[in-house]
Amino acid sequence: MAPVIDRERVEMKELADYSDGPSLISSELIQVDESPRVALAWDDGAHTALPPIWLRDHCPCDACRHASSRERLCKIIDIEVGVPDVSLDHGALLLVWPDGHESRFDGVWLHQRRPGQHQFQPTVPAARAWREGFMPAQVTHRDFTSTDAGQRQWLEALIRDGLVLLDQGPTESDEVTRIAESIGPLRATNFGARFDVQSKPNPNNAAYTAIELELHSDLPNWRNPPDIQLLYCLESEAEGGASTFADGFAVAEAMRHESPKHFAMLAEIPIDLRFQDDDHDIVVREPIIRTDDRGELREIRFNNWIRDAVDVAPDQIEDWYAAYCDFWARLRAPRYRADFELAPGQMIAFDNRRVLHGRGEFNPNTGKRHLQGCYLDYDMVESKLRVLAR
Ligand code: OGA
Ligand code: ZN
Ligand code: ZN
């Protein structure tokens, strides 16, 4: 088959790149189990056979997709689809429907988006469990703020490892907000949109004291805990207060492997997590480990100081505590942890649903310790990476 040299790009109302890829080399109407299919083949050997309804629903013409929003206008419920005439035209697929409607599809777009691929763009990296000795990738503040490559590197590490360090930033109040807002709107909580972590009089939260914070997730008492947390160090003169992190998914996987009964307890038995102060009483009943319907880990909710009274069946209480302490002991094991001190001008960012964080006790009489923090939605992190990859 001769290569298509005069390929015409069809406007698919799609911002991801489909300028280059395998050429569509054949199209024909076939019958599969007495149902019509549009059979397509590309010059890399890929092929598919699509029910006409899929193609009609994805028609990119101005009547079917809005020209500026790119959103779908076509309502498949109102269309008598039928069987189209099928041909190739300058490397594009041309369909003429029984009602006279014409659809043109870009051949590379079809290759990327043909059903069954489950991933049309490999832009967003897969999560990778930490190995022993893991330390987070570092990106300088200058690279992050002035180059797309720097921001991209930071976003990719955050998605892949669940933890990334920004280095050599200014020690200016609210820099954490400026960085977060370059990615997306802040996710506000009962602690505000931006919060100050320092020891305060009458603290309403353990973080606002000088005590050790063992590994935990933030706000697991919300239906939707914040996805990404940023913590920016402005001052760290006080003795102590080193940061610690653990890959909660790696710890949970090890427990699933080594003590499946304990894993099942934490994944199946919901408990109450609760924050209360004068203005709030925020409580949710969820298991500590959440898996999806394929058993994949989705979320860890571990925070000992806001765990409410344990309300599980009396004959399960001891087993539940055994499982809880097993998970906790694993979190404390050095092999899953990354420990280091944050210096002024450094910012740590992590996936609060996967990676647990904590800090050592510090002595506020030896100097100041001041971090500023805020939260972001994961959607904005992935979105920014897709935009940068265009
Ligand atoms: C917090 C927290 C860590 C620190 O504010 O939720 O965990 O290093 N702070 O103070
Ligand atoms: Zn159309
Ligand atoms: Zn915290």
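Quick caveat: nothing in here was measured; it's all calculated off a predicted structure.

Another aspect to go through is the domain arrangement of the protein chain. Once the domains are mapped, the protein chain shows domain 1 (24-113) and domain 2 (137-389). Here domain 1 and domain 2 have C-alpha centroids that lie 46 Å from each other.

A separate point is the site of ligand 1. The environment of ligand 1 is made up of Val197, Ala207, Leu213, His216, Asp218, Leu231, His357, Arg359, Arg369 and Leu371. Within the side chain of His357, an N or O atom sits 2.9 Å from an oxygen atom of ligand 1. Here ligand 1 loses 95% of its free accessible area of 290 Å² to cover by the protein chains. Listed by contribution, the elements that provide at least two residues to the shell around ligand 1 are β10 (213-216), β20 (355-359) and β22 (369-376). By residue class, the composition of the shell around ligand 1 is five nonpolar, two polar and three charged.

To continue, consider the environment of Glu253. Within the element layout of this structure, Glu253 appears in helix α6 (residues 248-258). Using a relative accessible area of 35% as the deciding quantity, one classes Glu253 as partly exposed. Placed ten residues apart in sequence, Glu253 and Phe263 show a C-alpha to C-alpha distance of 8.5 Å.

One open sheet holds the six strands; their spatial order is β7-β8-β19-β11-β22-β9, and the pairing between them is mixed. Each edge of the sheet is formed by a strand with only one pairing partner; in this case those strands are β7 (137-140) and β9 (194-197). When the angles between neighbouring strand axes are averaged without regard to direction, this sheet yields 25°. Where strand β11 (residues 228-236) and strand β19 (residues 347-351) come together, five bridges link them in antiparallel fashion. Residue pairing for β19: Leu231 is matched across the bridge by Ile348. With respect to the sheet, helix α4 (residues 148-161) is in contact with β7, β8 (163-167), β11 and β19, its orientation differing from that of β8 by roughly 150°.

On to the coordination of the zinc ion (ligand 2), then. At 2.1 to 2.3 Å from the zinc ion (ligand 2) lie its protein donor atoms, namely Cys59 (SG), Cys61 (SG), Cys64 (SG) and His101 (NE2). Coordination at the zinc ion (ligand 2) is tetrahedral, judged from the four donor atoms that bind it and the angles of 104 to 114° they form at the metal. Considered as a linear motif, the donors of the zinc ion (ligand 2) on their single chain read C-x1-C-x2-C-x36-H. Taken as a pair, Cys59 in the loop between α1 (52-57) and β4 (85-89) and His101 in the loop between β5 (92-96) and β6 (102-105) lie far apart in primary sequence, 42 residues in all.

Formed by 30 residues in total, the largest nonpolar core has its most connected members in Leu266, Ile289, Phe302, Trp320 and Phe327. Within the residue set of this core, elements represented by two or more residues are α6, α7 (260-268), β14 (271-276), β17 (297-300) and α8 (317-332).

The subject of this paragraph is the layout of surface pockets. The computed volume of the largest pocket comes to approximately 810 Å³. Along its surface, the largest pocket is lined by 27 residues, and Ala127, Phe249, Arg298, Tyr378 and Glu382 are the ones closest to its centre. Elements that contribute at least two residues to the lining of the largest pocket include exactly α6, β17 and α9 (378-389). Partitioning the lining of the largest pocket into residue classes produces eleven nonpolar, three polar and 13 charged.

Conventions we followed
Residues numbered from 1 in each chain as written. Chains lettered and ligands numbered in written order. Predicted model: local features only at pLDDT ≥ 70, side-chain atom pairs only at ≥ 80, totals over all residues. Heavy atoms only, no water. Domains from an automatic or database assignment. Near = heavy atom within 4 Å. Polar contact = N/O pair within 3.5 Å; in protein donor to acceptor, adjacent residues only side chain to side chain. Areas by Shrake-Rupley, 256 points an atom, 1.4 Å probe, with all protein chains shown as cover. Helix = DSSP H or I, 4+ residues; strand = E, 2+ residues; numbered from the N terminus. Nonpolar A, V, L, I, M, F, W, Y, C, P; charged D, E, K, R; others polar. Buried < 20%, exposed > 50% of the residue type's maximum accessible area, 1.4 Å probe, protein only. Pairing = 2+ DSSP bridges. Axes fitted to C-alpha atoms, helices over the stretch in contact; angles between N-to-C directions. Contact = heavy atoms within 4.5 Å. Donors = N, O, S within 2.8 Å, 3.2 Å for Na, K, Ca; no water. Tetrahedral: all angles 85-135°; square planar, octahedral: opposite > 155°, others 65-115°. Core = buried A, V, L, I, M, F, W, Y, C linked by side-chain atoms within 4.5 Å. 1 Å grid on protein atoms, 1.4 Å probe; cavity = no way out; pocket = protein on both sides within 12 Å on 5 of 7 lines; lining within 4 Å. Points joined across faces, edges and corners; volume = space filled by probe spheres on them.

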